[in-house]
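Chains, contacts and geometry: an overview
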Amino acid sequence: MKLTDQAGPFSVLIIDNEQKICDLILLFLQSTGKFKTLVTANNTVQAMQKLQNQTFDLLIADHNMPGKSGIELIGTLSRTPRFRTMEYVLISGCLTKEDVVLAMNEGGDNILVKPFSRTQLLNKVAEVLKTNIL
Amino acid sequence: MSLDQFESLLNLLHEPILICSKDKKITYVNYAAATFFQISPRMLRSGLDLKHIFVLPGTEQSFNFDILDESLKTNDPQVSGEIHLALAKFPDISFFFVLKAFTSSSENNDKQVICFRDLTVEKNLYNKYKNQIKELEEGHAQIIQADKLATIGEMTASLSHEISNPLTIAAGNIEVALALLDPTPELSQIDIVTKCVRDANESLSVIGHILSDLKGFLHKSEEKREYVDLKILAQDIISLLGPEIRQNKVSLQPKFSDTEIVAFINPTKIRQVMMNLIKNAIDALAEVQPKEGRKIFLHLEKDQSLGHLFLKVVDNGPGIPEKSREQIFVPFYTTKKIGEGTGLGLPICQKIVTAFGGKIWPEETPGGGCTFIVQFPGIEVSAYSYNERYLSGLSDKQGIKILVINDEPQVLNVLNHMIGRQEDFVFIGSTSVADAEKIIEKFDVDIVLTDIKIPSRSGIEMAKSFSNNPQSPKFILMSGGVVEEEMKKIHGLKNVAGFLQKPFEESILIDTLRSALKGGRQS
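One structure accompanies this document, and this report is about it. None of the values given here were measured: they were computed from a predicted structure.

1. Description of empty space enclosed by the protein
Residue and element names in this part refer to chain B. As enumerated under the stated definition, the model contains one cavity of 30 Å³ or more in all. Of the voids in this model, the largest cavity is the one considered here, and its volume is about 50 Å³. Taken together, Glu260, Val262, Lys302, Gly307, Leu309, Gly378, Ile379, Glu380, Thr431 and Asp435 form the lining of the largest cavity. Here the lining of the largest cavity is built from residues that sort into three nonpolar, three polar and four charged.

2. Regarding the nonpolar core
Of all hydrophobic cores here, the largest spans 51 residues; its most connected members are Leu230, Ile265, Ile270, Leu277, Ile278, Ile296 and Phe372 of chain B. Ranked by the residues each element gives to this core, the list is headed by helix α10 (residues 267-286) of chain B, at nine residues. Mapped onto the domain boundaries, this core takes at least three residues apiece from domain 2 (121-220) and domain 3 (228-377) of chain B. Within the second largest apolar cluster, 29 residues are counted, among which are Phe28, Val89 and Phe116 of chain A together with Leu180 of chain B.

3. Brief notes about unusual backbone geometry
Residues Lys114 of chain A and Pro115 of chain A are joined by a peptide bond in cis, for which omega reads -5°. Among the secondary structure elements, Pro115 of chain A is positioned in the loop between β5 (111-113) and α5 (118-129). Phi at Gln38 of chain B is positive, roughly 55°, even though this residue is not glycine. With respect to the helices, strands and loops of the structure, Gln38 of chain B is situated in the loop between α2 (31-37) and α3 (41-45). For Lys249 of chain B, which is not glycine, the phi dihedral falls at a positive 55°. Looking at the secondary structure, you find Lys249 of chain B in the loop between α9 (242-247) and β8 (250-256). Its relative accessible area of 47% is what places Lys249 of chain B among the partly exposed residues.

4. Digging into a nonpolar patch on the surface
On the surface, a cluster of nonpolar side chains totalling about 420 Å² of accessible area is made up of Leu3, Phe6, Leu9 and Leu12 of chain B. Locating Leu3 of chain B in the fold gives a position in helix α1 (residues 3-12).

5. Quick notes on the sheet that holds strand β1 (residues 17-21) of chain B
By way of backbone hydrogen bonds, the strands of a sheet pair with one another, either parallel or antiparallel. Residues and elements named next belong to chain B. On the basis of which strands lie adjacent, the open sheet formed by six strands has the order β2-β1-β6-β5-β4-β3 and antiparallel pairing. Strand pairing shows two members of the sheet lacking a second neighbour, β2 (26-29) and β3 (54-55), which therefore form its edges. Relative to strand β6 (residues 110-118), strand β5 (residues 94-105) is paired through nine bridges, and the arrangement is antiparallel. Note that in β6 the partner of Phe97 across the bridge is Asp118. Each of β1, β4 (78-87), β5 and β6 touches helix α5 (residues 66-74); the most contacted strand, β5, lies at about 20° to it.

About the thresholds
- Chains are numbered independently. Their residues run from 1 in the order of the written sequence.
- Starting at A for chains and at 1 for ligands, labels are handed out in the order in which the entities are written.
- In view of the model being predicted, local features appear only for residues whose pLDDT reaches at least 70, and side-chain atom pairs are presented and counted only at 80 or more, with totals across whole chains, interfaces and linings using the full set of residues.
- Calculation of side-chain values draws on the structure's entire complement of heavy atoms; hydrogens and water are dropped beforehand.
- Both cavities and pockets are sets of points on a 1 Å grid over the protein atoms alone; in a cavity a 1.4 Å probe fits but cannot get out, in a pocket the set is open with protein on both sides within 12 Å along at least five of seven lines, and lining residues sit with an atom within 4 Å of a point.
- Grid points are joined across faces, edges and corners, and a volume is the space filled by probe spheres set on the points.
- Under this grouping Gly is polar, as are all residues other than the nonpolar Ala, Val, Leu, Ile, Met, Phe, Trp, Tyr, Cys and Pro and the charged Asp, Glu, Lys and Arg.
- Buried Ala, Val, Leu, Ile, Met, Phe, Trp, Tyr and Cys residues that are joined via side-chain atoms within 4.5 Å together make up what is termed a nonpolar core.
- The rule is simple: take the accessible area with a 1.4 Å probe, protein chains only, and divide by the maximum for that residue type; under 20% is buried, over 50% is exposed, in between is partly exposed.
- Per the convention used, a helix needs a DSSP run of H or I reaching at least four residues, while a strand needs a run of E reaching at least two, with both numbered from the N terminus.
- Source of the domain bounds: an automatic or database domain assignment.
- Exposure above 30% relative accessible area and no salt bridge define the residues that can form patches, which grow by joining like charges within 9 Å and nonpolar side chains of Val, Leu, Ile, Met, Phe, Trp and Tyr within 5 Å.
- To be clear on the numbers: accessible area is Shrake-Rupley with a 1.4 Å probe, and residue cover counts the displayed protein chains and nothing else.
- Salt bridge, as used here: a side-chain nitrogen of Lys or Arg that lies within 4 Å of a carboxyl oxygen of Asp or Glu.
- Strand pairing requires that DSSP identify at least two bridges connecting the strands.
- Residue contacts follow a heavy-atom distance rule, with two residues in contact if any of their heavy atoms lie within 4.5 Å.
- A fitted line through C-alpha atoms represents every axis, and for helices the fit uses only the stretch in contact; the resulting angles, taken between N-to-C directions, go from 0 to 180 degrees.

Put into structure tokens, the structure is as follows:
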């Protein structure tokens, strides 16, 4: 694996209250060289701030966060016209059946279960962005 | 009364009675004894010796009737403790007796009479009940274990999240690090590799902590009790419940008093009680959204005058509805949804707490919410009542009460272990001199084992304050430091019976205690 400075077409916002998870996803995505901007946030409030000035192709959010949950965030955004084209990946360590149903209703039907490996994450991202990034 | 009349009187009695001469040759047995011990008149005429009839159970050693010699010497009736005897002829038959022996002296020959009080039935009943209680306790332990498993089941969601997070970080970082190092390590990226490895390492230790907390909670508890610092125990539980607390957006704050809160309990069981109470509070708070936020306070206090310890779990939730108040301690009563509560949490807490001589009850939190209060007896009382339970139930021998004062729970545990192994010793632990002094007279303590240096009052001063009291217990002083100065101070004190230089071995400790009981003084 090489960390390239090569820039690709995609921009991603990563939200997890655990900074280390953000860093990890960042590293995973950087290694592909397919992303032009990678931004991280630790909670939904920060995420909303970042979303004000910028649009992203993909939003990766943890479900389990203090404050607003990942599903709530995705629900809010998917109802906002400005973010219609944005894709979502929900990551979580443990989702109940009700959570999954809720997530699907709110527009977050791409779920990645923790713990995940690099391949699993990239496969999921590739599937959502409909591109081959591996 | 003629001898014949006397003998026919003895024959009417149900209890076996033997008469023997000074050299322990049997001269007479009453009817009851003849049937009891299977002694035929023919055997009797052949000059039967006591040692021909009785042996120690399971051996061929003859039983030594010391009390006969004693009674001959003192000329007073003597009563034995509980004695277990088997018949020499039929070693399978054994009895439990209390013996009474007295000597009737006449000019030419001393006769000794031995009366047997048969305790076999009582003893068997006692053993039977003991076994049944043991079975009950085992059943009880299984229910408690089941409750713990249920608690863990309910916590699975938050726990799996808590574990999968660090697991993702650890595994992912190692993956990145490996990829960066392969095929040739690139020095320009060494910073990233270092960070990856460090993050992975930290995350793995997080998982380790979660699992060790869990193990401490799930560990199947034995009946054994220990001297435990409740503050440390409470901190453990707070850290184990961390994920649950954060997930439910609750703030859990410890409010511990400055005094030491040491209890004589079984730590795994009390952990379960704390866990259940705090989890209940979290569940209750999940239903509401108080203005000032969801709050739980965990209090630990000590009642200085009575020595009681209090654990309080205070929440600002909805409180207990009036209709449920009566039933909260009824097994299987639950207000939670099916699958969320077993209805056993509080009944089990109550069982555990009462087993340690404590009480548990709910109160209303001023300003709304619920407070659960658990009260434990002070360690001296609980240690005494617990340890005395193990003395044989039938013999009327009193245990020798040894009060040990030390402010370090671990030291008490070690000494309890050593002293507890002596069957006739009753160990009473104490962490405070003030409490210990109250106990000394109440329980008729035989020996006080204390450090020369303890906070608030030295062992020597304590011995001094009792020195004019004829009922004073014997004091044994322990010290780890230089002792010459202190030895001088001890000189005049008659009630100081020994001195132990730390560290000491178990045999030395026991020897010192034994010789103190005999009235000797040892250094």
